[in-house]
Amino acid sequence: MKITVIGSGYVGLVTGTCLAEMGNQVCCLDVDPAKIAILREGGIPIYEPGLDEMVRRNVAEGRLSFTTDVAESVAFGDIQFIAVGTPPDEDGSADLQYVIAAAKNIARHMTGYKVVVDKSTVPVGTADKVRDAIAAGLAERGVDIRFSVVSNPEFLKEGAAIEDFMKPDRVVVGAEDEEAIDIMRRLYSPFQRNHERILFMDVRSAELTKYAANAMLATRISFMNELANLAETLGADIELVRRGIGSDPRIGYHFLYPGAGYGGSCFPKDVKALVSIGKENGHTLRVLTAVEEANDAQKLRLVEKVVARYGEDLTGCRFTVWGLAFKPNTDDMREASSRVIIEELSRRGATVVAYDPVATHEASRVMTHIDRLTFADDMMEALSGSDALLIVTEWKLFRSPDFEQMRGLLKAPVIFDGRNIYDPVWVRGLGFDYYAIGR
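Just so you know, these numbers come straight off a predicted model, no measurement behind them.

Check the secondary structure of the protein chain and you find 17 helices and 14 strands. When its C-alpha atoms are laid out on the principal axes, the protein chain stretches across 75 × 45 × 45 Å. Classification of the 439 residues of the protein chain by burial places 55% in the buried group. Pairs at least 24 apart in sequence give 73% of the contacts found in the protein chain among residues at least 6 apart. Summed over all atoms, the accessible surface of the protein chain reaches about 19300 Å², with 51% contributed by carbon and sulfur. Side-chain charges in the protein chain split into 50 positive and 64 negative, and the spacing between the mean points of these groups amounts to 2 Å.

Structural data, given as C-alpha coordinates:
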(Lines give C-alpha, C1' and ligand atoms only; values in the text may rest on other atoms or scores of the structure.)
Protein backbone atom coordinates (compact mmCIF):
# COMPACT_ATOMS: atom_id res chain seq x y z
CA MET A 1 0.00 0.00 0.00
CA LYS A 2 1.06 3.62 -0.50
CA ILE A 3 0.83 5.54 2.75
CA THR A 4 1.48 9.13 3.79
CA VAL A 5 2.11 9.98 7.44
CA ILE A 6 1.60 13.65 8.25
CA GLY A 7 3.79 14.57 11.20
CA SER A 8 7.15 12.89 11.79
CA GLY A 9 7.24 13.16 15.56
CA TYR A 10 7.09 10.21 17.94
CA VAL A 11 3.81 8.65 16.79
CA GLY A 12 4.23 9.51 13.12
CA LEU A 13 7.77 8.23 12.82
CA VAL A 14 7.07 4.96 14.61
CA THR A 15 3.87 4.41 12.60
CA GLY A 16 5.47 5.17 9.25
CA THR A 17 8.58 3.09 9.91
CA CYS A 18 6.69 0.04 11.16
CA LEU A 19 4.29 0.16 8.20
CA ALA A 20 7.30 0.36 5.85
CA GLU A 21 8.86 -2.60 7.67
CA MET A 22 5.88 -4.69 6.54
CA GLY A 23 6.53 -3.87 2.88
CA ASN A 24 4.38 -0.78 2.37
CA GLN A 25 5.60 2.34 0.59
CA VAL A 26 5.58 5.19 3.12
CA CYS A 27 6.21 8.91 2.83
CA CYS A 28 6.53 10.88 6.08
CA LEU A 29 5.80 14.61 5.96
CA ASP A 30 6.94 17.24 8.42
CA VAL A 31 7.03 21.03 8.17
CA ASP A 32 10.29 21.18 10.14
CA PRO A 33 13.14 21.13 7.57
CA ALA A 34 15.75 20.42 10.26
CA LYS A 35 13.90 17.28 11.37
CA ILE A 36 13.52 16.02 7.81
CA ALA A 37 17.22 16.69 7.14
CA ILE A 38 18.17 14.58 10.19
CA LEU A 39 15.91 11.74 9.01
CA ARG A 40 17.24 11.83 5.46
CA GLU A 41 20.80 11.61 6.79
CA GLY A 42 19.97 8.45 8.73
CA GLY A 43 19.48 10.00 12.16
CA ILE A 44 16.31 10.23 14.24
CA PRO A 45 15.23 13.23 16.35
CA ILE A 46 13.90 11.10 19.23
CA TYR A 47 15.19 8.22 21.34
CA GLU A 48 13.33 4.95 20.92
CA PRO A 49 15.17 1.61 21.19
CA GLY A 50 15.59 -0.04 17.78
CA LEU A 51 13.94 2.73 15.78
CA ASP A 52 17.11 4.23 14.30
CA GLU A 53 18.18 0.92 12.76
CA MET A 54 14.68 0.26 11.38
CA VAL A 55 14.49 3.74 9.83
CA ARG A 56 17.90 3.36 8.15
CA ARG A 57 17.04 -0.08 6.79
CA ASN A 58 13.73 0.98 5.26
CA VAL A 59 15.19 4.16 3.79
CA ALA A 60 18.06 2.16 2.24
CA GLU A 61 15.62 -0.37 0.79
CA GLY A 62 13.46 2.37 -0.72
CA ARG A 63 10.26 1.84 1.26
CA LEU A 64 10.50 4.91 3.52
CA SER A 65 11.02 8.51 2.46
CA PHE A 66 10.73 11.95 4.05
CA THR A 67 9.55 15.27 2.68
CA THR A 68 8.53 18.81 3.59
CA ASP A 69 6.48 19.14 0.39
CA VAL A 70 2.77 19.01 1.25
CA ALA A 71 1.58 18.52 -2.34
CA GLU A 72 4.03 15.64 -2.81
CA SER A 73 2.86 13.94 0.37
CA VAL A 74 -0.84 14.21 -0.50
CA ALA A 75 -0.22 12.84 -3.99
CA PHE A 76 1.82 9.94 -2.62
CA GLY A 77 -0.50 8.09 -0.26
CA ASP A 78 -3.91 6.52 -0.83
CA ILE A 79 -4.04 6.38 2.96
CA GLN A 80 -3.24 9.65 4.76
CA PHE A 81 -2.37 9.26 8.45
CA ILE A 82 -2.67 12.46 10.50
CA ALA A 83 -0.15 12.13 13.33
CA VAL A 84 0.47 15.75 14.31
CA GLY A 85 0.63 17.15 17.82
CA THR A 86 -2.48 18.06 19.83
CA PRO A 87 -0.98 20.13 22.66
CA PRO A 88 -3.24 21.17 25.54
CA ASP A 89 -4.79 24.63 25.50
CA GLU A 90 -4.84 26.70 28.69
CA ASP A 91 -8.13 25.08 29.73
CA GLY A 92 -6.68 21.58 29.23
CA SER A 93 -8.59 20.86 26.01
CA ALA A 94 -6.70 19.46 23.03
CA ASP A 95 -5.56 22.03 20.47
CA LEU A 96 -6.72 20.77 17.07
CA GLN A 97 -5.23 23.49 14.87
CA TYR A 98 -2.55 21.19 13.40
CA VAL A 99 -5.04 18.38 12.79
CA ILE A 100 -7.42 20.70 10.95
CA ALA A 101 -4.54 22.29 9.01
CA ALA A 102 -3.50 18.81 7.84
CA ALA A 103 -7.07 18.07 6.73
CA LYS A 104 -7.22 21.33 4.78
CA ASN A 105 -3.94 20.53 3.04
CA ILE A 106 -5.27 17.14 1.99
CA ALA A 107 -8.38 18.80 0.55
CA ARG A 108 -6.27 21.39 -1.26
CA HIS A 109 -4.17 18.83 -3.15
CA MET A 110 -6.08 15.52 -3.40
CA THR A 111 -7.11 14.33 -6.85
CA GLY A 112 -8.55 10.90 -6.04
CA TYR A 113 -10.10 8.80 -3.28
CA LYS A 114 -8.27 9.01 0.07
CA VAL A 115 -8.70 7.31 3.42
CA VAL A 116 -7.83 9.94 6.02
CA VAL A 117 -6.84 8.36 9.32
CA ASP A 118 -6.77 10.28 12.60
CA LYS A 119 -3.80 8.74 14.43
CA SER A 120 -3.30 11.68 16.79
CA THR A 121 -5.05 11.52 20.16
CA VAL A 122 -8.07 13.74 19.55
CA PRO A 123 -11.35 14.56 21.32
CA VAL A 124 -14.58 12.81 20.43
CA GLY A 125 -16.05 14.54 17.38
CA THR A 126 -12.72 15.39 15.75
CA ALA A 127 -13.37 13.08 12.81
CA ASP A 128 -16.48 15.15 12.06
CA LYS A 129 -14.36 18.32 12.06
CA VAL A 130 -11.78 16.71 9.79
CA ARG A 131 -14.55 15.54 7.45
CA ASP A 132 -16.08 19.04 7.39
CA ALA A 133 -12.68 20.67 6.72
CA ILE A 134 -11.98 18.37 3.78
CA ALA A 135 -15.48 18.78 2.37
CA ALA A 136 -15.20 22.57 2.63
CA GLY A 137 -11.80 22.53 0.92
CA LEU A 138 -13.09 20.40 -1.95
CA ALA A 139 -16.14 22.67 -2.31
CA GLU A 140 -13.85 25.70 -2.58
CA ARG A 141 -12.03 23.98 -5.43
CA GLY A 142 -15.34 23.10 -7.06
CA VAL A 143 -14.52 19.39 -7.22
CA ASP A 144 -16.38 16.30 -6.03
CA ILE A 145 -13.87 13.68 -4.81
CA ARG A 146 -14.74 10.79 -2.52
CA PHE A 147 -12.92 10.33 0.79
CA SER A 148 -13.33 8.51 4.09
CA VAL A 149 -12.32 9.60 7.59
CA VAL A 150 -11.22 6.92 10.03
CA SER A 151 -10.17 6.98 13.68
CA ASN A 152 -7.22 4.69 14.49
CA PRO A 153 -5.79 5.75 17.88
CA GLU A 154 -2.28 4.69 18.84
CA PHE A 155 -1.50 2.65 21.95
CA LEU A 156 2.29 2.89 21.96
CA LYS A 157 4.40 2.81 25.11
CA GLU A 158 7.51 4.96 24.84
CA GLY A 159 10.51 2.69 25.14
CA ALA A 160 8.58 -0.26 23.70
CA ALA A 161 6.83 1.38 20.75
CA ILE A 162 8.15 -0.90 18.02
CA GLU A 163 7.09 -4.02 19.90
CA ASP A 164 3.67 -2.48 20.56
CA PHE A 165 3.13 -1.62 16.89
CA MET A 166 4.51 -4.82 15.39
CA LYS A 167 2.77 -7.10 17.91
CA PRO A 168 -0.31 -5.16 19.05
CA ASP A 169 -2.66 -6.48 21.69
CA ARG A 170 -5.45 -4.67 19.84
CA VAL A 171 -5.94 -2.36 16.86
CA VAL A 172 -8.88 -0.02 17.33
CA VAL A 173 -10.45 1.25 14.11
CA GLY A 174 -13.42 3.60 13.98
CA ALA A 175 -14.90 3.54 10.49
CA GLU A 176 -18.39 3.72 9.09
CA ASP A 177 -18.13 2.80 5.40
CA GLU A 178 -17.27 -0.60 3.99
CA GLU A 179 -14.54 0.58 1.62
CA ALA A 180 -12.54 2.20 4.42
CA ILE A 181 -13.10 -0.80 6.69
CA ASP A 182 -11.79 -3.15 3.99
CA ILE A 183 -8.69 -0.99 3.38
CA MET A 184 -7.87 -0.77 7.11
CA ARG A 185 -8.35 -4.52 7.49
CA ARG A 186 -5.90 -5.18 4.66
CA LEU A 187 -3.44 -2.63 6.04
CA TYR A 188 -3.27 -4.31 9.44
CA SER A 189 -3.64 -7.95 8.35
CA PRO A 190 0.17 -8.58 8.49
CA PHE A 191 0.15 -7.56 12.17
CA GLN A 192 -2.38 -10.16 13.26
CA ARG A 193 -1.35 -13.47 11.81
CA ASN A 194 -2.04 -15.42 15.02
CA HIS A 195 -5.53 -14.15 15.74
CA GLU A 196 -7.87 -11.25 14.99
CA ARG A 197 -6.77 -8.15 16.87
CA ILE A 198 -8.73 -5.46 15.01
CA LEU A 199 -11.68 -4.01 16.89
CA PHE A 200 -13.98 -2.22 14.45
CA MET A 201 -16.38 0.29 15.94
CA ASP A 202 -18.03 3.61 15.20
CA VAL A 203 -15.71 6.60 14.97
CA ARG A 204 -16.78 8.34 18.18
CA SER A 205 -16.34 5.17 20.23
CA ALA A 206 -12.82 4.75 18.82
CA GLU A 207 -11.95 8.34 19.71
CA LEU A 208 -13.19 7.87 23.28
CA THR A 209 -11.43 4.50 23.67
CA LYS A 210 -7.99 6.11 23.53
CA TYR A 211 -8.78 8.63 26.25
CA ALA A 212 -10.51 6.01 28.36
CA ALA A 213 -7.51 3.67 28.23
CA ASN A 214 -4.99 6.30 29.33
CA ALA A 215 -7.33 7.68 31.97
CA MET A 216 -7.80 4.21 33.45
CA LEU A 217 -4.05 3.60 33.63
CA ALA A 218 -3.44 7.02 35.20
CA THR A 219 -6.19 6.26 37.72
CA ARG A 220 -4.47 3.04 38.79
CA ILE A 221 -1.19 4.88 39.30
CA SER A 222 -2.71 7.68 41.37
CA PHE A 223 -4.73 5.18 43.39
CA MET A 224 -1.59 3.24 44.30
CA ASN A 225 0.30 6.42 45.13
CA GLU A 226 -2.46 7.52 47.52
CA LEU A 227 -2.55 4.04 49.05
CA ALA A 228 1.26 4.02 49.40
CA ASN A 229 1.20 7.29 51.33
CA LEU A 230 -1.45 5.86 53.64
CA ALA A 231 0.47 2.59 54.06
CA GLU A 232 3.53 4.56 55.14
CA THR A 233 1.56 6.32 57.85
CA LEU A 234 -0.05 3.08 59.00
CA GLY A 235 3.23 1.15 59.09
CA ALA A 236 2.20 -1.20 56.25
CA ASP A 237 4.36 -2.16 53.25
CA ILE A 238 2.76 -1.13 49.94
CA GLU A 239 4.79 -3.73 48.03
CA LEU A 240 3.10 -6.53 50.01
CA VAL A 241 -0.26 -4.83 49.53
CA ARG A 242 0.42 -4.59 45.78
CA ARG A 243 1.06 -8.33 45.59
CA GLY A 244 -2.02 -9.02 47.66
CA ILE A 245 -4.39 -7.11 45.42
CA GLY A 246 -2.58 -7.82 42.15
CA SER A 247 -3.06 -11.55 42.60
CA ASP A 248 -6.79 -10.98 42.17
CA PRO A 249 -7.36 -11.61 38.43
CA ARG A 250 -10.03 -8.91 38.40
CA ILE A 251 -7.32 -6.38 39.31
CA GLY A 252 -4.00 -7.75 37.97
CA TYR A 253 -0.49 -6.40 38.54
CA HIS A 254 -0.13 -3.87 35.73
CA PHE A 255 0.24 -0.19 36.63
CA LEU A 256 0.07 -0.86 40.36
CA TYR A 257 3.55 0.48 41.13
CA PRO A 258 3.63 3.52 43.42
CA GLY A 259 6.26 6.17 42.87
CA ALA A 260 6.96 9.82 42.24
CA GLY A 261 4.00 10.41 39.92
CA TYR A 262 3.33 9.85 36.24
CA GLY A 263 4.44 12.11 33.39
CA GLY A 264 5.08 11.99 29.66
CA SER A 265 3.22 13.15 26.60
CA CYS A 266 0.05 11.09 27.12
CA PHE A 267 -1.32 10.56 30.61
CA PRO A 268 -1.21 14.17 31.90
CA LYS A 269 -2.48 15.64 28.62
CA ASP A 270 -5.18 13.03 28.07
CA VAL A 271 -6.54 13.17 31.63
CA LYS A 272 -6.80 16.97 31.35
CA ALA A 273 -8.43 16.70 27.93
CA LEU A 274 -11.00 14.13 29.09
CA VAL A 275 -11.91 16.29 32.10
CA SER A 276 -12.31 19.22 29.69
CA ILE A 277 -14.48 17.14 27.32
CA GLY A 278 -16.67 16.25 30.28
CA LYS A 279 -17.11 19.90 31.27
CA GLU A 280 -17.94 20.92 27.70
CA ASN A 281 -20.68 18.32 27.68
CA GLY A 282 -22.12 18.98 31.13
CA HIS A 283 -20.33 16.19 33.01
CA THR A 284 -17.98 16.65 35.95
CA LEU A 285 -15.51 13.74 35.91
CA ARG A 286 -14.81 13.74 39.63
CA VAL A 287 -12.60 10.66 39.67
CA LEU A 288 -10.27 12.01 36.98
CA THR A 289 -10.11 15.42 38.65
CA ALA A 290 -8.90 13.64 41.78
CA VAL A 291 -6.44 11.55 39.73
CA GLU A 292 -4.84 14.73 38.41
CA GLU A 293 -4.70 16.40 41.82
CA ALA A 294 -3.19 13.30 43.42
CA ASN A 295 -0.51 13.10 40.73
CA ASP A 296 0.46 16.75 41.09
CA ALA A 297 0.89 16.22 44.83
CA GLN A 298 2.81 12.96 44.40
CA LYS A 299 5.52 14.65 42.34
CA LEU A 300 6.51 16.56 45.47
CA ARG A 301 6.46 13.51 47.75
CA LEU A 302 10.23 12.94 47.57
CA VAL A 303 10.89 16.61 48.32
CA GLU A 304 8.64 16.35 51.37
CA LYS A 305 10.79 13.48 52.62
CA VAL A 306 13.97 15.49 51.96
CA VAL A 307 12.54 18.48 53.86
CA ALA A 308 11.51 16.25 56.77
CA ARG A 309 15.16 15.20 57.16
CA TYR A 310 17.09 18.36 56.23
CA GLY A 311 14.64 21.16 57.04
CA GLU A 312 12.65 23.69 55.00
CA ASP A 313 15.75 25.67 53.97
CA LEU A 314 18.05 23.47 51.87
CA THR A 315 20.72 26.13 51.31
CA GLY A 316 24.14 24.48 51.40
CA CYS A 317 22.74 21.02 50.68
CA ARG A 318 23.83 19.10 47.60
CA PHE A 319 21.68 16.32 46.14
CA THR A 320 22.25 13.85 43.33
CA VAL A 321 19.29 12.90 41.14
CA TRP A 322 19.42 9.65 39.18
CA GLY A 323 16.89 9.66 36.33
CA LEU A 324 15.44 12.61 34.44
CA ALA A 325 13.20 11.16 31.70
CA PHE A 326 9.58 10.56 32.72
CA LYS A 327 10.19 6.80 32.36
CA PRO A 328 13.04 4.48 31.32
CA ASN A 329 14.05 3.86 27.70
CA THR A 330 13.12 7.33 26.47
CA ASP A 331 14.53 10.84 26.46
CA ASP A 332 11.08 12.38 26.84
CA MET A 333 11.06 15.11 29.49
CA ARG A 334 7.45 16.20 29.03
CA GLU A 335 5.71 16.45 32.42
CA ALA A 336 8.59 14.47 33.98
CA SER A 337 8.54 14.25 37.77
CA SER A 338 12.23 15.14 37.83
CA ARG A 339 11.42 18.64 36.60
CA VAL A 340 9.11 19.34 39.53
CA ILE A 341 11.45 17.74 42.07
CA ILE A 342 14.61 19.51 40.92
CA GLU A 343 12.87 22.86 40.58
CA GLU A 344 11.55 22.61 44.15
CA LEU A 345 14.92 21.55 45.57
CA SER A 346 16.53 24.50 43.80
CA ARG A 347 13.83 26.88 45.01
CA ARG A 348 14.67 25.85 48.56
CA GLY A 349 18.35 26.67 47.98
CA ALA A 350 19.81 23.24 47.22
CA THR A 351 22.45 22.41 44.62
CA VAL A 352 21.52 19.49 42.33
CA VAL A 353 23.70 17.21 40.22
CA ALA A 354 21.62 15.10 37.80
CA TYR A 355 22.39 12.02 35.75
CA ASP A 356 20.36 10.19 33.09
CA PRO A 357 21.78 7.69 30.58
CA VAL A 358 19.75 9.11 27.68
CA ALA A 359 17.78 12.27 28.56
CA THR A 360 20.55 14.65 29.69
CA HIS A 361 20.63 16.60 26.43
CA GLU A 362 16.87 17.11 26.40
CA ALA A 363 16.83 17.89 30.13
CA SER A 364 19.52 20.54 29.75
CA ARG A 365 17.40 22.15 27.03
CA VAL A 366 14.17 22.35 29.05
CA MET A 367 15.65 23.10 32.49
CA THR A 368 17.88 26.09 31.73
CA HIS A 369 15.85 28.27 34.12
CA ILE A 370 16.75 26.23 37.21
CA ASP A 371 19.56 27.61 39.38
CA ARG A 372 22.37 25.48 40.81
CA LEU A 373 21.66 22.52 38.50
CA THR A 374 24.47 20.66 36.74
CA PHE A 375 24.52 17.44 34.75
CA ALA A 376 26.97 14.59 35.21
CA ASP A 377 28.27 12.16 32.56
CA ASP A 378 28.69 9.28 35.02
CA MET A 379 26.20 8.02 37.60
CA MET A 380 28.83 7.38 40.25
CA GLU A 381 30.71 10.63 39.72
CA ALA A 382 27.41 12.42 40.22
CA LEU A 383 27.34 11.15 43.82
CA SER A 384 30.63 12.72 44.85
CA GLY A 385 30.15 15.06 47.83
CA SER A 386 26.35 14.90 47.82
CA ASP A 387 24.27 14.79 50.99
CA ALA A 388 21.86 12.25 49.50
CA LEU A 389 20.76 10.42 46.36
CA LEU A 390 17.26 10.79 44.91
CA ILE A 391 16.11 8.12 42.42
CA VAL A 392 13.42 9.48 40.11
CA THR A 393 13.47 7.20 37.03
CA GLU A 394 13.84 3.42 37.31
CA TRP A 395 16.50 2.81 34.66
CA LYS A 396 17.83 -0.77 34.78
CA LEU A 397 21.42 0.33 35.40
CA PHE A 398 20.34 1.84 38.74
CA ARG A 399 18.99 -1.47 40.05
CA SER A 400 22.24 -3.18 41.05
CA PRO A 401 24.83 -0.47 41.68
CA ASP A 402 28.03 -0.82 43.71
CA PHE A 403 26.63 0.19 47.10
CA GLU A 404 30.08 0.15 48.71
CA GLN A 405 31.32 2.66 46.14
CA MET A 406 28.20 4.74 46.70
CA ARG A 407 28.87 4.88 50.44
CA GLY A 408 32.36 6.15 49.77
CA LEU A 409 31.20 8.91 47.43
CA LEU A 410 28.20 10.29 49.31
CA LYS A 411 28.76 12.57 52.32
CA ALA A 412 26.29 10.39 54.17
CA PRO A 413 24.70 7.11 53.04
CA VAL A 414 21.17 8.43 52.37
CA ILE A 415 18.85 7.33 49.54
CA PHE A 416 15.41 8.70 48.67
CA ASP A 417 13.94 6.14 46.28
CA GLY A 418 11.03 7.51 44.26
CA ARG A 419 10.52 4.25 42.36
CA ASN A 420 10.96 1.59 45.07
CA ILE A 421 13.67 -0.24 43.14
CA TYR A 422 15.58 -1.54 46.18
CA ASP A 423 14.72 -3.96 48.97
CA PRO A 424 14.52 -1.78 52.10
CA VAL A 425 15.82 -4.50 54.41
CA TRP A 426 18.82 -5.19 52.19
CA VAL A 427 19.78 -1.55 51.64
CA ARG A 428 19.34 -0.58 55.27
CA GLY A 429 21.40 -3.61 56.19
CA LEU A 430 24.25 -2.10 54.15
CA GLY A 431 24.14 0.96 56.40
CA PHE A 432 22.04 3.30 54.26
CA ASP A 433 19.24 5.51 55.50
CA TYR A 434 16.61 4.51 52.96
CA TYR A 435 13.40 6.40 52.26
CA ALA A 436 10.98 4.79 49.80
CA ILE A 437 7.35 5.33 48.79
CA GLY A 438 4.96 3.48 51.08
CA ARG A 439 7.55 1.06 52.51
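On we go.
Our focus in this paragraph is the pattern of salt bridges. What the rule picks out here adds up to 29 salt bridges. The partner of Arg 250 in a salt bridge is Asp 248, and the shortest N-O contact between them spans 2.7 Å. Since its relative accessible area comes to 74%, Arg 250 is described here as exposed. Linked through salt bridges whose partners overlap, the residues forming this network are Glu 232, Arg 301, Glu 304 and Lys 305.

Here the focus is empty space enclosed by the protein. Inspection of the entire model under this criterion finds two cavities of 30 Å³ or more. Taken as a whole, the largest cavity holds about 60 Å³ of empty space. Along the walls of the largest cavity sit Tyr 262, Pro 268, Lys 272, Glu 292, Asn 295, Asp 296, Lys 299 and Glu 335, which together make up its complete lining. The set of elements that each furnish at least two residues to the lining of the largest cavity consists of α11 (267–280) and α12 (286–298). Of the residues contributing to the lining of the largest cavity, the split by class is two nonpolar, one polar and five charged. Reported here for the second largest cavity is a volume of approximately 50 Å³. Lining the second largest cavity we find Asp 118, Ser 120, Thr 121, Val 122, Ser 151, Pro 153, Ala 206, Glu 207, Lys 210 and Tyr 211. The dominant element in the lining of the second largest cavity, judged by the number of residues it contributes, is helix α9 (residues 203–234), at four residues. Tallied by class, residues from the lining of the second largest cavity come to four nonpolar, three polar and three charged.

By the criterion of burial, strand β10 (residues 351–355) is predominantly enclosed, with four of the five residues buried. With three bridges joining them, β10 and strand β11 (residues 373–375) adopt parallel strand pairing. From the neighbouring strand, Ala 354 faces β11, where its bridge partner is Phe 375. Chirality of the crossover, the property in question, places the unit of β10, helix α15 (residues 360–366) and β11 among those that are right-handed.

What follows covers the side chain of Lys 114. One can find Lys 114 in strand β5 (residues 114–118). Here Lys 114 sits buried without a salt bridge, and the closest side chain of opposite charge, Asp 78, lies 4.7 Å off (N-O distance). Side-chain polar atoms of Lys 114 contact the backbone oxygen of Val 74, separated by 2.7 Å. Among the polar contacts made by the side chain of Lys 114, one reaches the main-chain carbonyl oxygen of Gly 77 at a distance of 2.8 Å.

Here the focus is the layout of surface pockets. The probe, sized like a water molecule, is rolled over the atoms to show the empty space still left. Taken as a whole, the second largest pocket encloses approximately 1400 Å³ of empty space. Along the wall of the second largest pocket there are 50 residues; nearest its centre are Gly 9, Tyr 10, Lys 35, Gly 85 and Arg 334. Residue classes in the lining of the second largest pocket are distributed as 23 nonpolar, twelve polar and 15 charged.

The next subject is the sheet that holds β10. Reading across from one edge, β11-β10-β9-β12-β13-β14 is the order of the six strands in this open sheet, with parallel pairing throughout. Looking at strand neighbours, the two that pair on one side only are β11 and β14 (433–435), the edges of this open sheet. Geometrically, the sheet is characterised by an average inter-axis angle of 20 degrees between neighbouring strands, direction not taken into account. Of the pairings in the sheet, the one linking strand β9 (residues 318–322) to strand β12 (residues 388–391) comprises four bridges and is parallel in character. For Val 321, the partnering residue across the bridge sits in β12 and is Leu 390.

Conventions we followed
- Residues numbered from 1 in each chain as written.
- Predicted model: local features only at pLDDT ≥ 70, side-chain atom pairs only at ≥ 80, totals over all residues.
- Heavy atoms only, no water.
- Helix = DSSP H or I, 4+ residues; strand = E, 2+ residues; numbered from the N terminus.
- Buried < 20%, exposed > 50% of the residue type's maximum accessible area, 1.4 Å probe, protein only.
- Contact = heavy atoms within 4.5 Å.
- Areas by Shrake-Rupley, 256 points an atom, 1.4 Å probe, with all protein chains shown as cover.
- Lys, Arg positive; Asp, Glu negative; His and termini not counted.
- Charge placed at Lys NZ, Arg CZ, Asp CG, Glu CD.
- Salt bridge = Lys/Arg side-chain N within 4 Å of Asp/Glu carboxyl O.
- 1 Å grid on protein atoms, 1.4 Å probe; cavity = no way out; pocket = protein on both sides within 12 Å on 5 of 7 lines; lining within 4 Å.
- Points joined across faces, edges and corners; volume = space filled by probe spheres on them.
- Nonpolar A, V, L, I, M, F, W, Y, C, P; charged D, E, K, R; others polar.
- Pairing = 2+ DSSP bridges.
- Right-handed = clockwise from strand over helix to strand, strands pointing away.
- Polar contact = N/O pair within 3.5 Å; in protein donor to acceptor, adjacent residues only side chain to side chain.
- Axes fitted to C-alpha atoms, helices over the stretch in contact; angles between N-to-C directions.

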